[in-house]
Structures are given as C-alpha cells and as structure tokens.
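Tertiary structure, described
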Amino acid sequence: MRASPKESRTTGAPRNASGRRGHAATPYLFIAPAFILYAAFMLYPLARSVHLSLFAWDGLTLATFVGFGNYTELFTDDRLRAAFGHALAFIIFFAVIPCGIGLVLAAVLTRSKARGLSLFRTLVFLPQVIAMVVVSVAFKQIYAPDGLLNSALRSIGLDSLTRAWLGDYVFSLPAVGLIGSWVSTGLVTVLLLAGMAKIPTELFEAARLDGAGAVREFIFIIVPSVRAELTVALTLTIVASLKTFDLIYMTTAGGPGSSTTVPSYEVYRRAFETGQVGSAAAIGVTLSIIIFLITLAVNRISERGA
Amino acid sequence: MFPRGKTFTGTLIAAALALTLAACTPGSEAPAPSAPATGAAINKDVASMGDVTLTVWDQEVRGGQNEQMTKLNAAFEAKYPNVSIKRNSQSFEDLGKTLRLALSGTDAPDVVQANNARNTMGAFVKAGQLLPLDGWADAYGWNERYPASVLKYSQYSTDGTTFGSGSIYGLPQVGEIVGVFYSKKKLESLDLTLPADWAGFESAIVTAKEAGETPLLLGNIEKWPAGHVFGPIQGAKVPPEQIEKLGFGNAGASWITPENQAAAQTLADWNAKGYFNKGVNGTEYDAAWQKLTKGEGVFLMGGSWMAADLADAMGEDVGFFVPPATAGDGAQTTGGTGLPFTVTAKTKNPDLAAAYIDFITNDEAMGILADTGNLPVLNTSTYAPETGALKDVFTAFESVTTDGVLLPYLDYATPTMGDTLGDSLQGLLEGKLDAPAFTEAMEADYAGFTQGK
C-alpha cells in the first residue's frame, strides 16, 4: 500500500487482476445488506407462495401435490371468477373516476388562483390520511338503512330510492366502490396539482392569444403536461384497487352473498378460515401477476404516448 | 454490466427457487397423528409434579370472562404452589388465526381453547395435534360431571371424521343458547302474553305486525346473525336427530327435505311479509339489538351472550324465552358450549394439563363463573340470579340441556359451512334464493364434505 500509484500501474499482472476483482465485487457488497433483507422478506416468501400454490394443504396435515389444480380452479370456481371481476370493477371506482375528478379539480384550482388553496389541498387529501378501518366504519353508518344517505333521500322526497345500500345485491358493489373513489380522489388531486404547478404561465398566455378557452387549455395544455403525474396516480390507485382488503373486510365481508368479494379477501378467507392454504397462495400469486401486468401496461402506454 | 447483473439476479432467483422446491412438502414437519394415550398411569397428584410451568392460551378477554380466568388461575396456583401458569389471552378472532401456527410450531402451549367447529378443533384432531382425554375423563369422572348433550360438543373420533361422539378432546366452562329476547313493555302494550309454544310465537309476530310494530329485529350485514334466527326455526320444524347430523357434519342426513324447506320458507316469508326491520342485510348486528333497547321492535332472536348488554340498557324490561314446538316440552334450539379447553399433543405434562382443566370446570369453578356474570355450563339454574333477563337465560339453558335438545351451530358442519350458510341466508332473505335453492346450496356443501372425507 505504500507503493505509489505510478508503481502500481506498472506492476505485474496478478496484482492488477486481483485489484480489478476487488472492484467488481464491491458494488455487490454494498447492495448485499439490502438484498439479503429483500430476499429474506420478499423473494423467499414469494417463492414459497408459488411453491405452496401447487399443493392442496389445510395448513396442518401433510399436503398433496396438485400441480396447477389451484390455478385452473380460478377459472372454474364461480366465486373466484366473480372476485376477480369485482376487483376489475373496482379499478373504475378507485382509479378511473378519481383521475377524472382529480384532473378537473386540479385544473380548476390551478387556473382559478383560488385563495385558501393550501387549505383545500389539505381537505381533499384528508381521506388518504384516515385509516381505512375508520373510513369503513363511517361509511357503514352513512349507508345504513336508517343512515345519513337514506335520511337525505327521504328529506327530498326520494323515498323510493332508499335501500340498505350495503345489503343490496345490485348496489353494494358501487356503494363500496364509491368509498374507494372518495379516498383516492384526494391523492390524485394533490399529485396532479403538483404537476400543474410546473406548467409555465407563458403557455396559457400564448393559448389565450390564440383564442383558446378554458376547455381547450385543459385538453391541449394541462392534460399533456401532467402525463407523468397521471401515470403515477393511475399506477398507485390501480394497485390499491386490486389489493383492496380492509374496506371489504370491514364493510360487507364480501356480501351480500358473494357480490362484493375480492381476491385479497378470498386469500384471507381461504388461508385463515377455511383451511385452503394452497388455493389462497394461488390466488395471491395470480393477483400479483395481474397487478404487475396492468401497471406495466399503464407505464408502457404512457411512455409510448410521450 | 447489464447482462452481468441479469445473470447474477437470475442465479439468485434460481437458487431461491431451488431452495424452496428442495424444501419438504408443506405440512411434513407436522407430527404424525398420535395414538390415544393408553396404558400410562394417570397422575392426579399435582403437588407431586415438582416445579412446573403450564402454558395456557385462552380467549377469555372480555370483562367477566377475564375476571373468572384470573380468579381460577390464581386459585390453582394457590392450591399448588409448585405450578406457575403462563397465560396468553387473545381475542376469539386472533386466537383462531394464531392457533394453527402455534400448534404446529415447536414451542406449543400445553392447554389451548379451541373452537368446537370442524375447521378448528376438527382440523386439529385430524392432524393429531390434540390429545384424546378419555383416560383422564374416567379418572376425574367427567362423564358424570357433564350431561351427554353438552359433552358431545367436544367429542370427535380420533381420526377427526365423526363429530359429536368418540373421544373427549376438551371441556367447556360456559354454555350458550339461542332464543328470543323481548321487550316486556311492548308485549303488554300489544295485550300479548309470553308465547308458550312456537305457534304462539308466530301468532304474536303477526299480532305485532298488525299493530304497526316491527315484530322482529335482525342486523345481518355480517352474514352470520341470520343463522341464529334460522337455527331456532329449524329446531321447531325439523327432527333434532337430523339437525344434529347436519350440524356436526356427520353423514346420514340431507338438507333437501320438506321440513328443512319449510324452515327456509318460514324465514323467507318473515322478511317478505315485512316482519323484520327494513334492509336486514344492510343493518349491523349491534344496530339491531340497540333498536330493541330503544323500543323500536318487539322480539330479537339471538344468543344468550347479548343478555348482559341488553339488561344494562333495558333493566327489567328485557326478557328471554325459547319457544318449544309443543307447549310444556323442552325446547329444541341452537346453542352450544363456550370454547372447550383442550390439551395439545406436544405438551410435556398432560397430567398437569388435565388436572388444570378439571380444576377450572369443577363445581367451585362454576360458582366463580356465575359470580363473574358468565353462564356456567353445569347445574346452570342453581346459579341463576333472582330476576332479570339473566335469570331467564340460566333457566332456559338448564331446561334445554336437560329436557329439550341443544342443537349444534350449523356452521360447525364443514370447514366452509360458515360461508355457505351466511351467503345462502343473505340470498334467502333477499329473495335471491328460494327455499329449495337454499337447501340445495346447503346440501352441496354438506354432502360434498361428508362424501369426500
């Protein structure tokens, strides 16, 4: 080590090579602690889930190997098929509707230069901060047969529309979905507000000079400018919608019947209640793959458009 | 760098996969089902066991439950200073989820409270994780202590296929019974006397409806509460031997019978005719019993566990009864026992565990249970308070367990029956399923299980 750099460059090959080998391993040494943690708590459980999903196992006795039986069941079991269908429907409520509302809301807030913007921003973001369990309990009261929503309907003479929202085979899915919309809208709005704040005001001035109104501004300036933020918002909310569990667990337990059950709720049910651990693992693995594919698609589409 | 990184990650993933696939089949770490303990002499002398620790997992977390457990544990430790009890208390839901892992782990507790149902106790028995206690039952005289109608709730065949007979796997401390709570003031204002039989109950419902009251209260958003309405209806209309087979999930009965369909039809009609509060499937369980306390209904069908809360809110106004099929007979209704205390197969000291279970279910223990506001499973009526809904509950439980028939909860039957029952009852109430379709859905689960095992 006392040798000067010049000398080291001229020394023999073995030493030089060993030096380079050291350099090559260094990055891996640096990522090793994080990687080991990641492997122990993410990769291993994931691989173990894949492994478990190939067995019929009650969690107690010896399992039987069933190959892809648990996966084919996803297509043959009506209840499971329905669960995945509900999760896809929730994408509309958790992602599409909030993005629509969020875009308009953020655009109006940005362009109107309203006072108290930060207060409003806090208010729309609030649902994100409240624990989902609390949100669920509150909405259960609102949707109850003699709850707020029905009282409001009665007070304006719409008695015919009142119903037990969460106990209705037709309306329970949208009722639960709208809770998701309420929660997601704040996040989307705040993300988009941040994106819109970066749009140079010259663009709007130029557009005004060219005779563009508020609608054209929205379509041709605002929406294209926040493409990146929109992608982030969509990715986050789609993932949230597909892995919804607490909301269903707390409000309807998948009911009435099985009309609001979702894959993550089925995972919980099968793993902890009915002793179908293999099937639960298969649902979990499938759900992960679907989430991965959908988010990949969202990001690909937005990159291609950019 | 890129390709190199990819190979590196690829190798790691392959290694991880190889590791897991090489790992043994899930469940192969579990112990082989243990043969019933035979031959070994049973030691009832706890004082001679030396300094020992007994680990107990229970779910007695609520007020009176926790109080009785604390008192009994202290009494056991005071009687046997060489024993220290390590208690782990969790809510019913939490215990249900952790017990599977705890029992298959290496450091299993000695005594655990396991739900009677097939998806819990049945699964543990099948996996050989609980000890059959027949030897200790003979030594301590548990067969004489408990009526057969109560003891069968913790009996399984050693292979776990038959429920309700076979070896004794545990003992419960408390009883549960499902019946009808009512508001005395409401009955009076309707000029009704307490119905003496099922027909009287049904006609009282009609009278209440005609007077503009809400005759029956039900909150069924949680799916299971309707089972506690259907159970007594079924008890009044279907022969008890059949319900027992259906409830315990033993072969030899069928859901598709005219009697079961009539029971289902009754429940569907009750909702169709507006006898229940509006929107039962969207109403919370707690909201429903609170309606009774506010005078918004006449009858509330439900379990004895609600008596304390209702009495707190309504005082002497609330009463409880179980209408028998024929006046004067014992009633046939859903009910059961609290979670039985069982002994794990991995315990190092089964004699101590059995002595503990004996201690917390003996006569003195029953007295302590009653003092702390629980419903003791044995000699219940002798502990009944002077007045109030609790007195009605105590009397009804004793009368049903001795003169009538205590019918199992229907969701005991199969691991998935809780869901099937809950989903189907919601469908039946909503008119999505008619009575024949309801019984077919139930039969599919029941027959699938009894024929598949």
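As the structure is a computational prediction, the values presented were derived from the model and not from experiment.

Moving on, we get to the overall build of chain A. The helix and strand inventory of chain A stands at 14 helices and two strands. Taken over the C-alpha trace, chain A has a radius of gyration of 26 Å; the compact-globule value for 306 residues is 19 Å, which it surpasses by more than 25%. Here chain A holds 306 residues, and the buried ones make up 42% of them. For chain A, the computed accessible surface area is about 16400 Å², with 70% contributed by carbon and sulfur atoms. If you average the places of the 25 positive and of the 17 negative side-chain charges in chain A, the two averages end up 13 Å apart.

Quite often, the size of an interface is put as the accessible area lost when its parts meet. Listed as interface residues are 41 residues of chain B and, on the opposing side, 43 residues of chain A. Summing the contributions of chain B and of chain A, the shared interface buries around 3400 Å²; its carbon and sulfur component is 61%. At the boundary of chain B and chain A, one finds four salt bridges. Of the charged contacts in the structure, one is a salt bridge between Asp-423 of chain B and Arg-79 of chain A, with a shortest N-O distance of 2.5 Å. In this assembly, chain B and chain A are joined by 10 residue pairs in polar contact (both at pLDDT 80 or more).

All right, on to the side chain of Gln-90 of chain B then. Residue and element names in this part refer to chain B. Along the chain, Gln-90 falls in the loop between strand 2 (83-89) and helix 3 (92-104). Gln-90 gets classed as buried once you look at its relative accessible area, which sits at 13%. There is a polar contact of 3.3 Å between the side chain of Gln-90 and the side chain of Asn-88. Residue contacts for Gln-90: discarding those within four places in its chain leaves Trp-57, Asp-58, Gln-59, Val-61, Leu-95 and Thr-98.

With that settled, consider the layout of surface pockets. Counted as a void, the second largest pocket has a volume near 780 Å³. Around the second largest pocket sit 35 residues that line it, and Pro-145 and Asp-146 of chain A together with Lys-278, Gly-279 and Thr-283 of chain B are the ones nearest its centre. Looking at the lining of the second largest pocket, the elements with two or more residues in it are helix 6 (132-143) and helix 7 (148-155) of chain A together with helix 12 (258-272), helix 13 (285-293) and helix 18 (417-430) of chain B. No other element matches the four residues that helix 13 of chain B contributes to the lining of the second largest pocket.

This paragraph deals with helix 15 (residues 350-359) of chain B. Extensive coverage of helix 15 of chain B is indicated by the burial of nine of its 10 residues. Taken residue by residue, helix 15 of chain B has Asp-351, Leu-352, Ala-353, Ala-354, Ala-355, Tyr-356, Ile-357, Asp-358 and Phe-359 of chain B as its buried positions.

As a further point, take the pattern of salt bridges. In this structure the tally under the stated criterion is 21 salt bridges over all chains. Arg-208 of chain A is the salt-bridge partner of Glu-217 of chain A, the closest N and O atoms lying 3.0 Å from each other. Between Asp-358 of chain B and Arg-145 of chain B there is a salt bridge, with its nearest N and O atoms 2.6 Å apart. With Asp-358 of chain B in helix 15 and Arg-145 of chain B in helix 6 (residues 142-145), this residue pair connects regions lying 213 residues apart in the sequence. Where salt bridges share partners, they join Glu-73, Asp-77, Arg-79, Glu-266, Arg-269 and Arg-270 of chain A together with Lys-223, Asp-419 and Asp-423 of chain B into one cluster.

What counts and how
The numbers attached to residues start from 1 for each chain and follow its sequence in the written order. Chains carry letters from A onward and ligands carry numbers from 1 onward, assigned in written order. In view of the model being predicted, local features appear only for residues whose pLDDT reaches at least 70, and side-chain atom pairs are presented and counted only at 80 or more, with totals across whole chains, interfaces and linings using the full set of residues. Excluding hydrogens and water, the side-chain figures rest on all heavy atoms present in the structure. Strands here are runs of E lasting at least two residues and helices are runs of H or I lasting at least four, both read from the DSSP assignment and numbered beginning at the N terminus. Only the C-alpha atoms count toward the radius of gyration. The rule for a globule is 2.2 Å times the residue count to the power 0.38. Here's how the labels work: a residue is buried when its accessible area is under 20% of the maximum for its type, exposed when over 50%, partly exposed in between, all with a 1.4 Å probe on protein chains only. Areas reported here follow the Shrake-Rupley algorithm with a probe of radius 1.4 Å; residue values treat only the protein chains shown as occluding. Only four residue types enter the charge count: Lys and Arg as positive, Asp and Glu as negative, with His and the chain ends excluded. A single reference atom marks each charge: NZ on Lys, CZ on Arg, CG on Asp, CD on Glu. By definition in these notes, contact holds between two residues if any of their heavy atoms fall within 4.5 Å. Summed over both partners, the accessible area (1.4 Å probe) lost when two parts come together is defined as the buried area. Salt-bridge detection follows one rule: a side-chain nitrogen of Lys or Arg within 4 Å of a carboxyl oxygen of Asp or Glu. Polar contacts here mean pairs of N or O atoms no more than 3.5 Å apart (in protein, one a potential hydrogen donor and the other a potential acceptor; neighbouring residues in sequence count only if both atoms are side-chain atoms). A 1.4 Å probe that fits but cannot get out identifies a cavity on a 1 Å grid over protein atoms alone, an open set with protein on both sides within 12 Å along at least five of seven lines counts as a pocket, and a residue lines either if it has an atom within 4 Å of a point. Grid points are joined across faces, edges and corners, and a volume is the space filled by probe spheres set on the points.

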